[in-house]
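Examining the three-dimensional arrangement
Spelled out from the first residue to the last, the chains are:
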Amino acid sequence: MKALPEYHNMVVKVRCVGDVVFTGPCEYYSAEWGDYVLGEEEEGLKVRNTMIPASAILDVEILRHEVCIPVRDWFEAQEEIALWFHERWHIPLEAYRESIRDCIGMKDPHPVPQWYVVVRGYEIVAGCGVIANDFHERTDLTPNVCAVYVDEEYRRQGIAGFMLRYVCADMARLGIRTLYLLTDHTGFYEQYGWQFYDLVRGRDGSLSRMYVHEASDPEPDLAWIMDPE
């Protein structure tokens, strides 16, 4: 088994004593890192909301080398995240800063905007947002998934679909079961459960394709994120 720190920010399956198995996004904890959740002497893994001491772990299997993180749960990195989106989309940095600040302060029952990043190891490799309107005239088609981006060297590895499925499930858990997405792509979002809705005129006058996604599970679980495909 790899040293436990190597599993940080990955999607894993942890087999423990007593035939207990935990699956999900993983964080590494240890006293050496100044984290005393498990006590001063023992390192361990946090899988979702469960702390697992090293002494209870028999085996760890990596299911995905990435984890999708809602920015509302990672407020310490908000400046780095805003800069990452700015450098990919060239929209003013302050616009991302403002929306991310709103995201961090947003509470139910009004969970928009939201922002998400995919992290591999300690590097942001993909991201997207959910905002009220992605610069189009149909204000009734809301909210919108926007700014979907995967860094070029990480494309064709299933990361976009992994992120989109996570975002749809997370938003459904927040009470938003219908999402829209404006794009010029054809045949891409259909792979991940999105359906073409209509042609919609943007604020610049051009027409783009509007897609819709409806959550099907009444209480979406994030268990699908363990699927390595």
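Now for a description of the structure that goes with this document. All of these numbers come straight from a predicted model, not from anything done at the bench. Per chain, residues are indexed from 1 in the order of the written sequence. Local features in a predicted model are, by the rule used here, given only for residues with pLDDT of at least 70; side-chain atom pairs are given and counted only at 80 or more, and totals for whole chains, interfaces and linings are based on all residues. To obtain the side-chain values, all non-hydrogen atoms of the structure were used and water was disregarded.

Looking now at the sheet that holds strand E4 (residues 50-53). In sheet architecture, strand pairing relies on hydrogen bonds along the backbone and comes in two forms, parallel and antiparallel. Strand order in the open sheet formed by five strands is E4-E3-E2-E1-E5, with antiparallel pairing between adjacent strands. Looking along the sheet, the strands with just one partner apiece sit at the ends: E4 and strand E5 (57-64). Neighbour-to-neighbour, the strand axes of the sheet open up by a mean angle of 40 degrees, direction not taken into account. A strand pair is defined by DSSP finding two or more bridges across the two strands. Helix and strand assignments come from DSSP, with helices taken as H or I runs of at least 4 residues and strands as E runs of at least 2, each series counted from the N terminus. Across six bridges, the pairing between strand E1 (residues 11-16) and E5 is antiparallel. Of the residues in E5, the one forming a bridge with Val 14 is Val 60. All axes here are fitted lines through C-alpha atoms, helices being fitted over the stretch that makes contact, and every angle between N-to-C directions spans 0 to 180 degrees.

The next point concerns the nonpolar core. The biggest cluster of nonpolar side chains holds 30 residues, and the ones touching the most others in it are Val 145 and Trp 194. For this core, the elements supplying multiple residues, two or more each, are strand E7 (114-120), strand E8 (123-131), strand E9 (144-150), helix H3 (159-173) and strand E10 (178-183). In terms of residue count, the dominant contributor to this core is H3 (nine residues). Discounting residues that sit within four places of it in the chain, Trp 194 has contacts with Val 145, Cys 168, Leu 179, Tyr 180, Leu 181, Tyr 189, Tyr 211, Val 212 and His 213. By convention a nonpolar core is built from buried Ala, Val, Leu, Ile, Met, Phe, Trp, Tyr and Cys residues, the set being connected through side-chain atoms within 4.5 Å. Burial classes follow relative accessibility: with a 1.4 Å probe on protein chains only, a residue under 20% of its type's maximum area counts as buried, one over 50% as exposed, and anything between as partly exposed. One finds Val 67, Ala 82, Trp 115 and Ile 131 within the second-largest nonpolar core, a separate group that totals 19 residues. The contact rule is simple, with two residues in contact once any of their heavy atoms fall within 4.5 Å.

Let's shift gears to the pairing of E9. A large share of E9 lies buried, amounting to six of its seven residues. Pairing of E8 with E9 involves five bridges; the strand directions are antiparallel. Following the sheet pairing, Gly 127 is matched in E9 by Tyr 149. Here is how to tell: hold the view so the strands point away, follow the path from the first strand over the helix to the second, and if it runs clockwise the crossover is right-handed. Regarding topology, H3 serves as the crossover connection from E9 to the parallel E10, and that connection is right-handed.

A few words now on the layout of surface pockets. Counted as a void, the largest pocket has a volume near 1,100 Å³. Taken together, 37 residues form the lining of the largest pocket, with Trp 89, Cys 146, Ala 147, Val 148 and Leu 182 sitting closest to its centre. Ranked by the residues each element gives to the lining of the largest pocket, the list is headed by E9, at six residues. Grouping the amino acids of the lining of the largest pocket by side-chain chemistry returns 21 nonpolar, 10 polar and six charged. The distinction between a cavity and a pocket rests on a 1 Å grid over the protein atoms alone: a 1.4 Å probe fits inside a cavity but cannot get out, while a pocket stays open yet meets protein on both sides within 12 Å along at least five of seven lines, and a residue with an atom within 4 Å of a point counts as lining. Grid points are joined across faces, edges and corners, and a volume is the space filled by probe spheres set on the points. Throughout, the ten residues Ala, Val, Leu, Ile, Met, Phe, Trp, Tyr, Cys and Pro are labelled nonpolar, Asp, Glu, Lys and Arg are labelled charged, and all others, Gly among them, are labelled polar.

Overall, mixed pairing links the seven strands, which are arranged E6-E7-E8-E9-E10-E12-E11 in an open sheet. Whereas interior strands pair on both sides, the edge strands pair on one side only; in this sheet they are strand E6 (66-70) and strand E11 (195-201). Adjacent strand axes in the sheet meet at a mean angle of 30 degrees when their direction is disregarded. Two elements, E10 and strand E12 (residues 207-214), share six bridges in a ladder whose sense is antiparallel. Residue pairing across strands places Leu 179 opposite His 213, the latter belonging to E12.

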